[in-house]
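Here is how the chains run, residue by residue.
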Amino acid sequence: MSLEELYLDNTTDMAIRIDEVVSGSLTSSMVDDVLFILKKCGSRALVTHSIHCVCAVLGQLNDLLANKFKGALAARLAGGPSKLLSAAPALLGVGDAAGLAADGSAGAGSSSIEHATAINNIDIAAEYIQKLRQELEGYSERLFTSVADQDRLRSVLVDMTKTAADFRAMCNMALEAVADGLLPKLRPILDEVGTTSYQLSDTDYSGGELGTGWVSRLAAGLQLQLNWLQPLLTAASWETLTLLLLNKLITRLEVLLGRKVFSQLGGLQLDRDMRSLVAAAGELTTHPVRDKFARLTQMAIVLSLESVEEFLDYWGDDTGHITWRLTPAEVRGILAQRADFSRDTIAALPL
């Protein structure tokens, strides 16, 4: 056992030391190398048909993954997302959607590629570790048929499942930091949202320009900030990043729109804007996004009502067609954003 443990430790060290980015690959060499070594050693232990040997080797496999390998991957993230975002395209202005960037692309430098590769390594490693655990468990159950042996093996392999989850959490934290860095790049458009009036006249509403302007620019800005990252990240990491950025954007929009005063036509315009924004966001990802915008779309419904009492037609278990994400206190607060609604009537509404 001591020779096998020494082999595991030394070969893992070597794989990490000679790590390099493979041309045409989104990951570096040590991910495939380390997981290949660990799978080979795990399979070799199973051939011994010794439950003591198998449990000892599998325990060391997990220890190497959870400590040495995880530490090596985390070290590649040093410097934070600024290395990746140094290549992000800049908004050239908010005058028109087509003028958001010179060419809609950004040249990714070596530091950007390096950080993207570090994120991809963790994403793929989390997936590989889970697969390794499943393969080893399948082999083990065929070799060791006694309940006691299988329980002992599962107690060792469950640690590998936790390790895979730790890798996934580390990947998500890295992507969260990237999303935090991307949101300020949309600030010029969000500032425009903050200054847009929703107290509309008939002429304003029929023209439809006051709301749809910022929506089209925001959709173009989102596409700009995400599309240049797509060829640098794994499909799973890019999808996760897109959803994280949408979550942060939606939270910011809730705050900005929650400060405004609305007319009924303004509420109808907001409903129009939210439909356009949901459609644009849906084109960015394969995941459903309508549910993420539920609070904003429900806010638009409340603000477009003809009267305070009309809200009761939508509220309650017997209405059946809306699952409300807004609390009664939030509904009252949104109704109070309508300049023409009586505060006394809102307070008396039986919610």
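Residues numbered from 1 in each chain as written. Predicted model: local features only at pLDDT ≥ 70, side-chain atom pairs only at ≥ 80, totals over all residues. Heavy atoms only, no water.

### What to know about the overall build of the protein
- On a plain count of helices and strands, the protein comes out with 14 helices and zero strands.
- If you list the helices and strands of the protein from N to C, you get α-α-α-α-α-α-α-α-α-α-α-α-α-α.
- For a compact globule of 351 residues, the expected C-alpha radius of gyration is about 20 Å, and the protein comes in at 27 Å, more than 25% above that figure.
- Counting over 351 residues, the protein shows a buried share of 46%.
- Excluding contacts between residues fewer than 6 apart, the proportion of contacts in the protein whose partners are at least 24 apart in sequence is 77%. (Helix = DSSP H or I, 4+ residues; strand = E, 2+ residues; numbered from the N terminus. Rg over C-alpha atoms; globule rule 2.2 N^0.38 Å. Buried < 20%, exposed > 50% of the residue type's maximum accessible area, 1.4 Å probe, protein only. Contact = heavy atoms within 4.5 Å.)

### Focus: the packing of aromatic side chains
- As enumerated under the stated definition, the model contains five aromatic pairs in all.
- Considering the side-chain rings of phenylalanine 311 and tryptophan 315, the 5.3 Å spacing of their centres and the 40° angle between planes classify their relative orientation as tilted.
- With a centroid separation of 5.1 Å and an interplanar angle of 65°, the aromatic rings of phenylalanine 311 and tryptophan 324 are classed as edge-to-face. With a gap of 13 residues between them, phenylalanine 311 in the loop between α12 (294-303) and α13 (328-335) and tryptophan 324 in the loop between α12 and α13 connect regions that are remote in the sequence. (Phe/Tyr/Trp six-rings, centres within 6.5 Å; stacked < 30°, edge-to-face > 60°.)

### Observations concerning unusual backbone geometry
- In this model, histidine 49 sits at a positive phi of 60°, which is unusual for a non-glycine residue.
- Overall, the relative accessible area of 54% leaves histidine 49 in the exposed class.

### Comments concerning the packing of helix α7 (residues 187-195) against helix α10 (residues 235-257)
- Two elements in contact, α7 and α10, have axes separated by 9 Å at closest approach and are oriented at 25°. When the axes of α7 and α10 are compared, the pair comes out roughly parallel. Between α7 and α10 lies a crossing whose hand is right-handed. Contact with α7, carried on its side by Leu190, Val193 and Gly194, involves Leu249, Arg252, Leu253, Leu256 and Leu257 of α10 and no other residues of that element.
- Among the residues making up the contact of α7 with α10, the classes are represented as six nonpolar, one polar and one charged. (Axes fitted to C-alpha atoms, helices over the stretch in contact; angles between N-to-C directions. Parallel < 35°, antiparallel > 145°, perpendicular 65-115°, else oblique. Left-handed = near helix turned anticlockwise from the far one by under 90°. Nonpolar A, V, L, I, M, F, W, Y, C, P; charged D, E, K, R; others polar.)

### What to know about the side chain of glutamine 150
- Of note, glutamine 150 is situated in helix α6 (residues 147-182).
- Ignoring anything within four residues of it in the chain, the contact list for glutamine 150 reads Glu141, Phe144 and Thr145.

### Describing the state of the cysteines
- For the structure shown, the criterion picks out zero disulfides.
- Left unpaired, cysteine 41 is separated from the closest cysteine sulfur, that of cysteine 53, by 11 Å.
- No disulfide involves cysteine 53; its nearest neighbouring cysteine sulfur is the one of cysteine 55, lying 9.4 Å away. (Disulfide = S-S within 2.5 Å.)

### Notes on the side chain of threonine 285
- Along the chain, threonine 285 falls in the loop between α11 (264-282) and α12.
- For threonine 285, the side chain forms a polar contact with the side chain of glutamate 239, separated by 2.3 Å.
- A distance of 3.0 Å separates a polar atom in the side chain of threonine 285 from the backbone nitrogen of histidine 287.
- For threonine 285, the residues in contact, after removing those within four places along its chain, are Glu239, Thr242 and Leu243. (Polar contact = N/O pair within 3.5 Å; in protein donor to acceptor, adjacent residues only side chain to side chain.)

### Description of the pattern of salt bridges
- Applying the stated criterion across every chain yields a total of 21 salt bridges.
- Among the salt bridges present, the one from lysine 162 reaches aspartate 166, with a minimum N-O distance of 3.1 Å. Of this pair, lysine 162 and aspartate 166 both sit in helix α6, four residues apart, which is roughly one turn of that helix.
- With a closest N to O distance of 2.5 Å, arginine 217 and glutamate 192 form a salt bridge. (Salt bridge = Lys/Arg side-chain N within 4 Å of Asp/Glu carboxyl O.)

### Points about the environment of leucine 277
- Within the element layout of this structure, leucine 277 appears in helix α11.
- The class for leucine 277 is buried, based on a relative accessible area of 2%.
- As a C-alpha pair, leucine 277 and proline 231 span 46 residues in sequence and 24 Å in three-dimensional space.
- Contacts of leucine 277, omitting those with residues within four sequence positions, involve Trp214, Val215, Leu218, Leu253 and Phe293.

### Side note on the packing of α10 against α12
- The N-to-C vectors of α10 and α12 enclose an angle of 25°; their axes lie 10 Å apart at closest approach. In terms of orientation, α10 and α12 fall into the roughly parallel class. Both α10 and α12 take part in a crossing whose hand is left-handed. Contacts between α10 and α12 pair Ile250, Leu253, Glu254 and Leu257 from the former with Arg295, Leu296 and Met299 from the latter.
- Its residues assigned to classes, the contact of α10 with α12 shows five nonpolar, no polar and two charged.

### Digging into the confidence of the model for the protein
- Of the residues in the protein, 92% have a pLDDT of 70 or more, and the chain-wide mean is 89.
- In the model, residues 94-106 has pLDDT below 50 throughout and makes 31 contacts with residues more than four positions away in sequence or in other chains. (pLDDT = per-residue confidence, 0-100.)

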